[in-house]
Amino acid sequence: MATISLCMIVKNEEAVLDRCLSSIADLMDEIIIIDTGSTDRTKEIAGRYTNKIYDFKWQNDFSAARNFSFSKASMDYIYTADADEVLDYTNHKRFLYLKQSISPEIDIVQMKYITPDEYNTVMNIRDEYRPKLYKRLRQFRWIDPIHETIQTLPLVFNSDVEILHMPHAQHSSRDFELFLHAFGAGGQISDKLHTMYARELYISGTDDDFKKAEPIFARTLLENPENTARISEAVCILCRCCRIKNETSDFFKYALRSMTYHPCSEICCELAAYFMQKQDYEEAARWYHCAANETASILDSRTNGNLPLFGLADCYDQFAANADPASMTQDELKTQAENYRTAAKSWEMPHET
(Lines give C-alpha, C1' and ligand atoms only; values in the text may rest on other atoms or scores of the structure.)
Protein backbone atom coordinates (compact mmCIF):
# COMPACT_ATOMS: atom_id res chain seq x y z
CA MET A 1 0.00 0.00 0.00
CA ALA A 2 1.30 3.46 -0.89
CA THR A 3 1.86 6.06 1.81
CA ILE A 4 0.56 9.59 1.32
CA SER A 5 1.50 13.03 2.64
CA LEU A 6 -1.33 15.56 2.65
CA CYS A 7 0.06 19.01 1.87
CA MET A 8 -2.23 22.02 2.32
CA ILE A 9 -1.75 25.77 2.32
CA VAL A 10 -4.33 27.68 4.36
CA LYS A 11 -5.28 31.12 5.59
CA ASN A 12 -8.38 31.95 7.65
CA GLU A 13 -10.20 28.73 6.77
CA GLU A 14 -11.95 28.07 10.10
CA ALA A 15 -15.34 27.83 8.36
CA VAL A 16 -14.39 24.85 6.15
CA LEU A 17 -11.11 23.29 7.31
CA ASP A 18 -12.61 20.76 9.73
CA ARG A 19 -15.08 19.61 7.08
CA CYS A 20 -12.22 19.00 4.65
CA LEU A 21 -9.85 17.26 7.05
CA SER A 22 -12.52 15.06 8.60
CA SER A 23 -13.31 13.68 5.12
CA ILE A 24 -9.72 12.69 4.23
CA ALA A 25 -7.54 12.54 7.36
CA ASP A 26 -7.79 8.77 7.87
CA LEU A 27 -6.55 8.20 4.30
CA MET A 28 -3.35 10.12 4.96
CA ASP A 29 -0.13 8.90 6.60
CA GLU A 30 1.13 12.43 7.19
CA ILE A 31 -0.66 15.78 7.31
CA ILE A 32 1.30 18.97 6.62
CA ILE A 33 -0.41 22.34 7.03
CA ILE A 34 1.25 25.51 5.75
CA ASP A 35 -0.37 28.61 7.25
CA THR A 36 0.20 31.88 5.39
CA GLY A 37 -1.06 34.27 8.05
CA SER A 38 -4.34 33.14 9.62
CA THR A 39 -5.92 35.42 12.23
CA ASP A 40 -8.82 33.08 13.09
CA ARG A 41 -8.98 29.54 14.54
CA THR A 42 -7.48 27.83 11.48
CA LYS A 43 -4.30 26.60 13.21
CA GLU A 44 -6.28 25.46 16.26
CA ILE A 45 -8.52 23.32 14.02
CA ALA A 46 -5.53 21.98 12.09
CA GLY A 47 -3.92 21.02 15.41
CA ARG A 48 -6.68 18.45 15.99
CA TYR A 49 -5.32 16.47 13.05
CA THR A 50 -1.56 17.09 12.99
CA ASN A 51 1.37 18.69 14.77
CA LYS A 52 3.09 19.43 11.48
CA ILE A 53 1.91 23.02 11.13
CA TYR A 54 4.31 25.53 9.60
CA ASP A 55 4.13 29.31 9.19
CA PHE A 56 5.04 30.67 5.78
CA LYS A 57 5.24 34.38 4.98
CA TRP A 58 2.84 35.09 2.12
CA GLN A 59 4.65 36.23 -1.05
CA ASN A 60 1.67 36.77 -3.39
CA ASP A 61 2.69 33.49 -4.97
CA PHE A 62 0.79 30.24 -4.49
CA SER A 63 3.57 28.27 -6.19
CA ALA A 64 6.10 29.35 -3.56
CA ALA A 65 3.81 28.15 -0.79
CA ARG A 66 3.08 24.88 -2.61
CA ASN A 67 6.79 24.21 -3.11
CA PHE A 68 7.45 24.86 0.58
CA SER A 69 4.70 22.40 1.54
CA PHE A 70 6.15 19.73 -0.77
CA SER A 71 9.58 20.18 0.83
CA LYS A 72 8.13 19.00 4.16
CA ALA A 73 6.62 15.77 2.79
CA SER A 74 8.21 12.37 3.46
CA MET A 75 5.76 9.73 2.15
CA ASP A 76 5.57 7.93 -1.22
CA TYR A 77 2.98 10.31 -2.68
CA ILE A 78 1.85 13.86 -1.99
CA TYR A 79 -1.84 14.73 -2.06
CA THR A 80 -2.78 18.39 -2.49
CA ALA A 81 -6.07 19.68 -1.12
CA ASP A 82 -7.67 23.06 -0.59
CA ALA A 83 -9.67 23.66 2.57
CA ASP A 84 -12.93 24.01 0.64
CA GLU A 85 -12.76 20.51 -0.85
CA VAL A 86 -14.85 17.57 0.39
CA LEU A 87 -14.56 13.82 -0.21
CA ASP A 88 -17.91 12.08 0.23
CA TYR A 89 -18.47 8.47 1.35
CA THR A 90 -18.41 6.93 -2.14
CA ASN A 91 -15.25 8.73 -3.17
CA HIS A 92 -13.59 8.05 0.17
CA LYS A 93 -13.92 4.33 -0.67
CA ARG A 94 -12.58 4.95 -4.18
CA PHE A 95 -9.60 6.83 -2.76
CA LEU A 96 -8.85 4.01 -0.31
CA TYR A 97 -8.91 1.44 -3.12
CA LEU A 98 -6.62 3.69 -5.18
CA LYS A 99 -4.18 3.90 -2.26
CA GLN A 100 -4.18 0.13 -1.85
CA SER A 101 -3.71 -0.68 -5.53
CA ILE A 102 -1.74 2.17 -7.14
CA SER A 103 1.12 1.03 -9.35
CA PRO A 104 4.51 2.46 -8.29
CA GLU A 105 5.12 3.45 -11.93
CA ILE A 106 2.39 6.10 -11.77
CA ASP A 107 3.79 9.60 -11.26
CA ILE A 108 0.58 11.64 -11.14
CA VAL A 109 -3.04 10.73 -10.38
CA GLN A 110 -5.78 12.98 -11.68
CA MET A 111 -9.16 13.22 -9.99
CA LYS A 112 -12.45 14.74 -11.15
CA TYR A 113 -12.89 18.23 -9.69
CA ILE A 114 -16.56 19.18 -9.44
CA THR A 115 -17.62 22.77 -8.80
CA PRO A 116 -21.29 23.81 -8.34
CA ASP A 117 -22.35 26.49 -10.83
CA GLU A 118 -22.74 29.17 -8.15
CA TYR A 119 -19.05 28.89 -7.25
CA ASN A 120 -17.73 28.45 -10.78
CA THR A 121 -15.48 31.45 -11.47
CA VAL A 122 -12.91 30.10 -13.92
CA MET A 123 -14.18 26.86 -15.45
CA ASN A 124 -16.21 26.50 -18.63
CA ILE A 125 -17.20 22.99 -17.66
CA ARG A 126 -18.90 21.52 -14.59
CA ASP A 127 -16.14 19.04 -13.89
CA GLU A 128 -12.61 18.42 -15.07
CA TYR A 129 -9.67 16.18 -14.31
CA ARG A 130 -7.02 17.85 -12.17
CA PRO A 131 -3.69 16.46 -10.97
CA LYS A 132 -4.06 15.83 -7.24
CA LEU A 133 -1.68 13.03 -6.21
CA TYR A 134 2.04 13.28 -7.01
CA LYS A 135 4.86 10.79 -6.57
CA ARG A 136 7.30 12.43 -4.16
CA LEU A 137 10.50 10.89 -5.53
CA ARG A 138 10.15 10.18 -9.19
CA GLN A 139 12.39 7.39 -10.48
CA PHE A 140 13.55 7.54 -14.07
CA ARG A 141 13.34 4.35 -16.12
CA TRP A 142 14.50 3.25 -19.55
CA ILE A 143 11.92 2.50 -22.23
CA ASP A 144 11.89 1.03 -25.77
CA PRO A 145 13.62 -2.26 -26.65
CA ILE A 146 15.95 -0.57 -29.14
CA HIS A 147 17.22 2.99 -29.40
CA GLU A 148 16.33 2.99 -25.73
CA THR A 149 15.69 6.28 -23.98
CA ILE A 150 14.75 7.63 -20.58
CA GLN A 151 11.04 8.22 -20.01
CA THR A 152 10.75 11.93 -19.23
CA LEU A 153 7.04 12.52 -19.49
CA PRO A 154 5.17 11.64 -16.28
CA LEU A 155 2.91 8.61 -16.23
CA VAL A 156 -0.52 10.08 -15.49
CA PHE A 157 -3.50 8.03 -14.32
CA ASN A 158 -7.09 9.30 -14.47
CA SER A 159 -8.82 7.88 -11.40
CA ASP A 160 -12.54 7.60 -10.66
CA VAL A 161 -12.24 9.70 -7.49
CA GLU A 162 -14.47 12.80 -7.51
CA ILE A 163 -13.72 15.78 -5.29
CA LEU A 164 -16.51 18.22 -4.50
CA HIS A 165 -15.37 21.84 -4.43
CA MET A 166 -17.58 23.68 -1.90
CA PRO A 167 -16.07 27.07 -1.01
CA HIS A 168 -17.45 29.08 1.89
CA ALA A 169 -17.37 32.13 -0.39
CA GLN A 170 -16.01 33.09 -3.78
CA HIS A 171 -12.29 33.94 -3.95
CA SER A 172 -12.54 36.21 -6.97
CA SER A 173 -11.51 39.42 -5.19
CA ARG A 174 -8.38 37.71 -3.82
CA ASP A 175 -7.58 36.24 -7.22
CA PHE A 176 -7.98 39.57 -9.00
CA GLU A 177 -5.51 41.19 -6.59
CA LEU A 178 -2.99 38.44 -7.37
CA PHE A 179 -3.56 38.82 -11.11
CA LEU A 180 -2.99 42.57 -10.90
CA HIS A 181 0.15 42.00 -8.85
CA ALA A 182 1.49 39.42 -11.31
CA PHE A 183 0.79 41.47 -14.43
CA GLY A 184 1.90 44.71 -12.84
CA ALA A 185 5.32 43.33 -11.96
CA GLY A 186 6.35 43.69 -15.60
CA GLY A 187 7.58 40.12 -16.03
CA GLN A 188 6.65 37.61 -18.69
CA ILE A 189 3.16 36.21 -18.15
CA SER A 190 2.25 32.81 -19.56
CA ASP A 191 -0.55 32.35 -22.06
CA LYS A 192 -2.30 30.18 -19.47
CA LEU A 193 -2.33 32.94 -16.85
CA HIS A 194 -3.50 35.51 -19.42
CA THR A 195 -6.42 33.23 -20.30
CA MET A 196 -7.26 32.52 -16.66
CA TYR A 197 -7.35 36.23 -15.82
CA ALA A 198 -9.57 37.03 -18.80
CA ARG A 199 -11.82 34.06 -18.08
CA GLU A 200 -12.27 34.83 -14.39
CA LEU A 201 -13.03 38.47 -15.19
CA TYR A 202 -15.66 37.46 -17.71
CA ILE A 203 -17.30 34.91 -15.44
CA SER A 204 -17.23 36.72 -12.10
CA GLY A 205 -15.68 40.19 -12.46
CA THR A 206 -17.45 43.37 -11.37
CA ASP A 207 -17.45 46.57 -13.42
CA ASP A 208 -14.67 47.87 -11.16
CA ASP A 209 -12.61 44.71 -11.74
CA PHE A 210 -12.88 45.27 -15.50
CA LYS A 211 -11.80 48.90 -15.21
CA LYS A 212 -8.74 47.94 -13.17
CA ALA A 213 -7.81 45.31 -15.75
CA GLU A 214 -8.20 47.60 -18.77
CA PRO A 215 -4.56 48.87 -18.89
CA ILE A 216 -3.24 45.31 -18.70
CA PHE A 217 -5.28 44.04 -21.63
CA ALA A 218 -4.65 47.22 -23.62
CA ARG A 219 -0.95 46.40 -23.20
CA THR A 220 -1.61 42.98 -24.76
CA LEU A 221 -2.56 44.65 -28.04
CA LEU A 222 0.75 46.52 -28.08
CA GLU A 223 3.09 43.80 -26.83
CA ASN A 224 1.59 40.68 -28.43
CA PRO A 225 0.32 41.69 -31.88
CA GLU A 226 1.07 38.24 -33.36
CA ASN A 227 -0.56 36.25 -30.56
CA THR A 228 -4.08 36.05 -31.93
CA ALA A 229 -5.37 34.00 -28.98
CA ARG A 230 -4.26 36.67 -26.49
CA ILE A 231 -5.56 39.44 -28.77
CA SER A 232 -8.99 37.79 -28.94
CA GLU A 233 -9.15 37.52 -25.14
CA ALA A 234 -7.98 41.10 -24.66
CA VAL A 235 -10.51 42.45 -27.14
CA CYS A 236 -13.35 40.79 -25.23
CA ILE A 237 -12.23 42.47 -22.01
CA LEU A 238 -11.69 45.87 -23.65
CA CYS A 239 -15.06 45.69 -25.39
CA ARG A 240 -16.78 45.12 -22.04
CA CYS A 241 -14.77 47.97 -20.47
CA CYS A 242 -15.88 50.38 -23.18
CA ARG A 243 -19.52 49.36 -22.77
CA ILE A 244 -19.28 49.88 -19.01
CA LYS A 245 -17.76 53.33 -19.55
CA ASN A 246 -20.20 54.17 -22.36
CA GLU A 247 -17.34 54.78 -24.80
CA THR A 248 -19.30 53.92 -27.94
CA SER A 249 -16.64 54.58 -30.58
CA ASP A 250 -14.01 52.39 -28.91
CA PHE A 251 -16.66 49.77 -28.09
CA PHE A 252 -17.40 49.24 -31.77
CA LYS A 253 -13.70 49.50 -32.66
CA TYR A 254 -12.91 46.51 -30.46
CA ALA A 255 -16.05 44.62 -31.43
CA LEU A 256 -15.19 44.94 -35.12
CA ARG A 257 -11.54 44.07 -34.48
CA SER A 258 -12.60 40.81 -32.86
CA MET A 259 -14.26 39.78 -36.11
CA THR A 260 -10.87 39.86 -37.86
CA TYR A 261 -9.33 37.49 -35.29
CA HIS A 262 -11.88 35.12 -33.81
CA PRO A 263 -15.61 35.90 -33.99
CA CYS A 264 -16.88 34.67 -30.64
CA SER A 265 -20.07 34.51 -28.63
CA GLU A 266 -18.67 36.87 -25.97
CA ILE A 267 -18.55 39.75 -28.46
CA CYS A 268 -21.99 38.84 -29.84
CA CYS A 269 -23.38 39.07 -26.31
CA GLU A 270 -21.65 42.41 -25.79
CA LEU A 271 -23.25 43.77 -28.96
CA ALA A 272 -26.63 42.39 -27.91
CA ALA A 273 -26.30 44.01 -24.47
CA TYR A 274 -25.43 47.33 -26.12
CA PHE A 275 -28.55 47.25 -28.28
CA MET A 276 -30.68 46.17 -25.33
CA GLN A 277 -29.52 49.32 -23.52
CA LYS A 278 -30.55 51.31 -26.61
CA GLN A 279 -33.93 49.52 -26.57
CA ASP A 280 -33.28 48.23 -30.09
CA TYR A 281 -34.63 44.78 -29.30
CA GLU A 282 -34.70 43.54 -32.88
CA GLU A 283 -30.98 44.15 -33.29
CA ALA A 284 -30.28 42.75 -29.82
CA ALA A 285 -32.17 39.56 -30.71
CA ARG A 286 -30.12 39.20 -33.87
CA TRP A 287 -26.84 39.23 -31.88
CA TYR A 288 -28.18 36.97 -29.13
CA HIS A 289 -29.16 34.49 -31.85
CA CYS A 290 -25.66 34.71 -33.29
CA ALA A 291 -24.15 34.08 -29.84
CA ALA A 292 -26.33 31.04 -29.21
CA ASN A 293 -26.22 29.44 -32.65
CA GLU A 294 -23.47 30.75 -34.91
CA THR A 295 -20.36 31.33 -32.77
CA ALA A 296 -18.40 29.61 -30.01
CA SER A 297 -17.18 30.97 -26.68
CA ILE A 298 -13.51 31.53 -25.86
CA LEU A 299 -13.80 32.67 -22.22
CA ASP A 300 -17.26 31.97 -20.80
CA SER A 301 -19.25 29.00 -22.12
CA ARG A 302 -22.45 30.61 -20.83
CA THR A 303 -22.23 33.20 -23.64
CA ASN A 304 -22.87 30.32 -26.01
CA GLY A 305 -25.51 28.80 -23.72
CA ASN A 306 -27.99 30.19 -21.23
CA LEU A 307 -27.04 33.89 -21.38
CA PRO A 308 -28.14 34.54 -24.99
CA LEU A 309 -31.22 32.36 -24.46
CA PHE A 310 -32.29 34.50 -21.51
CA GLY A 311 -31.52 37.54 -23.66
CA LEU A 312 -33.74 36.26 -26.46
CA ALA A 313 -36.53 35.65 -23.94
CA ASP A 314 -36.26 39.27 -22.80
CA CYS A 315 -36.34 40.49 -26.39
CA TYR A 316 -39.48 38.50 -27.16
CA ASP A 317 -41.10 39.83 -24.00
CA GLN A 318 -40.53 43.30 -25.43
CA PHE A 319 -41.87 42.22 -28.82
CA ALA A 320 -45.02 40.91 -27.11
CA ALA A 321 -45.48 44.13 -25.18
CA ASN A 322 -45.28 46.10 -28.44
CA ALA A 323 -46.72 43.55 -30.86
CA ASP A 324 -46.69 44.43 -34.54
CA PRO A 325 -50.01 43.24 -36.06
CA ALA A 326 -48.19 42.30 -39.28
CA SER A 327 -45.84 39.91 -37.50
CA MET A 328 -46.43 37.14 -34.95
CA THR A 329 -49.42 37.51 -32.65
CA GLN A 330 -48.89 38.63 -29.08
CA ASP A 331 -49.63 35.12 -27.82
CA GLU A 332 -47.11 33.62 -30.23
CA LEU A 333 -44.47 36.11 -29.10
CA LYS A 334 -45.15 35.31 -25.43
CA THR A 335 -44.91 31.61 -26.17
CA GLN A 336 -41.59 32.08 -27.96
CA ALA A 337 -40.26 34.10 -25.02
CA GLU A 338 -41.25 31.31 -22.63
CA ASN A 339 -39.65 28.69 -24.87
CA TYR A 340 -36.34 30.55 -24.80
CA ARG A 341 -36.58 31.02 -21.04
CA THR A 342 -37.28 27.32 -20.49
CA ALA A 343 -34.33 26.37 -22.71
CA ALA A 344 -32.07 28.75 -20.75
CA LYS A 345 -33.12 27.28 -17.41
CA SER A 346 -32.52 23.72 -18.60
CA TRP A 347 -29.07 24.50 -20.00
CA GLU A 348 -26.25 22.85 -18.09
CA MET A 349 -22.57 23.62 -17.91
CA PRO A 350 -20.88 21.07 -20.18
CA HIS A 351 -18.86 18.21 -18.72
CA GLU A 352 -15.27 17.44 -19.61
CA THR A 353 -15.09 15.24 -22.70
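Going by the structure above, here's the rest.
The shown structure was predicted, so the numbers you read here are calculated from the model rather than taken from an experiment.

Trainee: Outline the pattern of salt bridges, listing residues and values.
Mentor: Applying the stated criterion across every chain, the model contains 24 salt bridges. One salt bridge in this structure joins Arg243 and Glu270, with 2.6 Å as the shortest N-O distance. A residue pair is termed long-range when its members are at least 10 positions apart, and Arg243 in helix α8 (residues 228-244) and Glu270 in helix α10 (residues 265-277) qualify at 27 residues. Across the pair, Glu270 and Arg243 agree in class, each one buried. One salt-bridge network, held together by shared partners, links Asp314, Asp317, Glu338 and Arg341.

Trainee: If you had to explain the packing of α10 against helix α11 (residues 281-293) to someone new, which residues and values would you point to?
Mentor: Interaxial distance between α10 and α11 falls to 8 Å at its minimum, and their mutual angle equals 165°. The orientation of α10 relative to α11 falls into the category roughly antiparallel. In this structure, α10 crosses over α11, and the sense of that crossing is left-handed. Every residue of α11 that contacts α10 at Ser265, Cys268, Cys269, Leu271, Ala272, Ala273, Phe275 and Met276 is listed here: Tyr281, Glu283, Ala284, Trp287, Tyr288, Cys290 and Ala291. When grouped by side-chain class, the residues that make up the contact of α10 with α11 number 13 nonpolar, one polar and one charged.

Trainee: A description of the packing of helix α9 (residues 248-261) against α10 should follow, citing residues and the corresponding values.
Mentor: Where α9 contacts α10, the axes come no closer than 10 Å and their chain directions differ by 150°. In terms of orientation, α9 and α10 fall into the roughly antiparallel class. Crossing of α9 over α10 shows left-handed handedness. Residues Thr248, Phe251, Phe252, Ala255, Ser258 and Met259 of α9 touch α10, and the partners they reach there are Ile267, Glu270, Leu271, Tyr274 and Phe275. Here the residues of the contact of α9 with α10 sort into eight nonpolar, two polar and one charged.

Trainee: Please give an account of the packing of aromatic side chains that cites residues and values.
Mentor: Describing an aromatic ring pair means giving the distance of the ring centres and the angle of the ring planes. Scanning all chains against the criterion turns up 16 aromatic pairs. On the basis of an interplanar angle of 90° and a centroid distance of 5.1 Å, the ring pair of Tyr79 and Phe95 is categorised as edge-to-face. Separated by 16 residues along the polypeptide, Tyr79 in strand β4 (residues 77-80) and Phe95 in helix α4 (residues 89-101) bring together distant segments of the chain. Residue classification places Tyr79 among the buried positions, given a relative accessible area of 2%. Residue Phe95 is classed as buried on the basis of its relative accessible area of 0%. Measuring from ring centre to ring centre gives 5.3 Å for Tyr197 and Phe217, while their planes differ by 40°; the resulting arrangement is tilted. On the criterion of sequence distance, the pair formed by Tyr197 in helix α6 (residues 191-204) and Phe217 in helix α7 (residues 207-223) is long-range, its members being 20 residues apart. For Tyr197, a relative accessible area of 1% translates into the label buried. Assessed through its relative accessible area of 0%, Phe217 is described here as buried.

Trainee: Residues and numbers for the pairing of strand β1 (residues 4-10), please.
Mentor: Burial runs high along β1: seven of the seven residues are buried. In β1, alternate side chains face the same way, and those of Ile4, Leu6, Met8 and Val10 on one face and Ser5, Cys7 and Ile9 on the other are all buried. Bridge count between β1 and β4: four bridges; the pairing is parallel. When the sheet's bridge partners are listed, Cys7 is paired in β4 with Thr80.

Trainee: Quick one: what's the story with the pairing of strand β6 (residues 108-114), residue by residue and with numbers?
Mentor: The buried fraction of β6 is high, at seven of seven residues. Here β6 pairs with strand β7 (residues 127-135) via seven bridges, running antiparallel. Along β7, the bridge assignment pairs Ile114 with Asp127. Pairing of β6 with strand β10 (residues 156-165), which is carried by six bridges, proceeds in the parallel orientation. Within the sheet, the bridge partner assigned to Val109 lies in β10 and is Phe157.

Trainee: Tell me about the environment of Val16, and please be specific about residues and values.
Mentor: Structurally, the position occupied by Val16 is in the loop between β1 and α1 (17-24). Residues Val16 and Asp84, 68 residues apart in the sequence, show an inter-C-alpha distance of 5.8 Å.

Trainee: Describe in detail the nonpolar core, supporting the description with residues and values.
Mentor: Counting residues in each nonpolar core, the largest one holds 48 residues, and the members touching the most others are Tyr197, Leu201, Phe217, Ile237 and Ile267. In terms of nonpolar packing, the next biggest core, distinct from the first, is built from 32 residues, Val10, Met28, Tyr79 and Val161 among them.

Trainee: Give a description of α4 that names residues and reports values.
Mentor: What sets the pattern is the α-helix's 3.6 residues per turn: residues three or four places apart point alike. End to end, α4 covers 19 Å across 13 residues, agreeing with the expected 18 Å (1.5 Å per residue, within 8%). Within the sequence span of α4, burial applies to Asn91, His92, Phe95, Leu98 and Lys99. Projected down its long axis, α4 shows its buried positions confined to an angular sector of 120°, all on one face. Residues of α4 that are exposed and point more than 90 degrees away from the buried face comprise Tyr89 and Tyr97. Against β1, α1, β4, β6, β7 and β10 lie the buried residues of α4.

Trainee: Would you mind going over the sheet that holds β6 in detail, with residue names and values included?
Mentor: Read across the sheet, eight strands follow the order β3-β2-β1-β4-β7-β6-β10-β5 without closing on themselves; strand pairing throughout is mixed. The two strands at the open ends of the sheet, each matched to only one other strand, are β3 (53-55) and β5 (85-86). Packed on one face of the sheet, α1 meets β1, β2 (30-35), β4 and β5 and runs near 175° to β1. Where helix α3 (residues 62-71) meets the sheet, it contacts β1, β2, β3, β4 and β7, and its direction lies at approximately 145° from that of β1.

What counts and what doesn't
- Residues numbered from 1 in each chain as written.
- Predicted model: local features only at pLDDT ≥ 70, side-chain atom pairs only at ≥ 80, totals over all residues.
- Heavy atoms only, no water.
- Salt bridge = Lys/Arg side-chain N within 4 Å of Asp/Glu carboxyl O.
- Helix = DSSP H or I, 4+ residues; strand = E, 2+ residues; numbered from the N terminus.
- Buried < 20%, exposed > 50% of the residue type's maximum accessible area, 1.4 Å probe, protein only.
- Axes fitted to C-alpha atoms, helices over the stretch in contact; angles between N-to-C directions.
- Parallel < 35°, antiparallel > 145°, perpendicular 65-115°, else oblique.
- Left-handed = near helix turned anticlockwise from the far one by under 90°.
- Contact = heavy atoms within 4.5 Å.
- Nonpolar A, V, L, I, M, F, W, Y, C, P; charged D, E, K, R; others polar.
- Phe/Tyr/Trp six-rings, centres within 6.5 Å; stacked < 30°, edge-to-face > 60°.
- Pairing = 2+ DSSP bridges.
- Core = buried A, V, L, I, M, F, W, Y, C linked by side-chain atoms within 4.5 Å.
- Expected span 1.5 Å × (residues − 1).
- Arc of directions from axis to C-beta.

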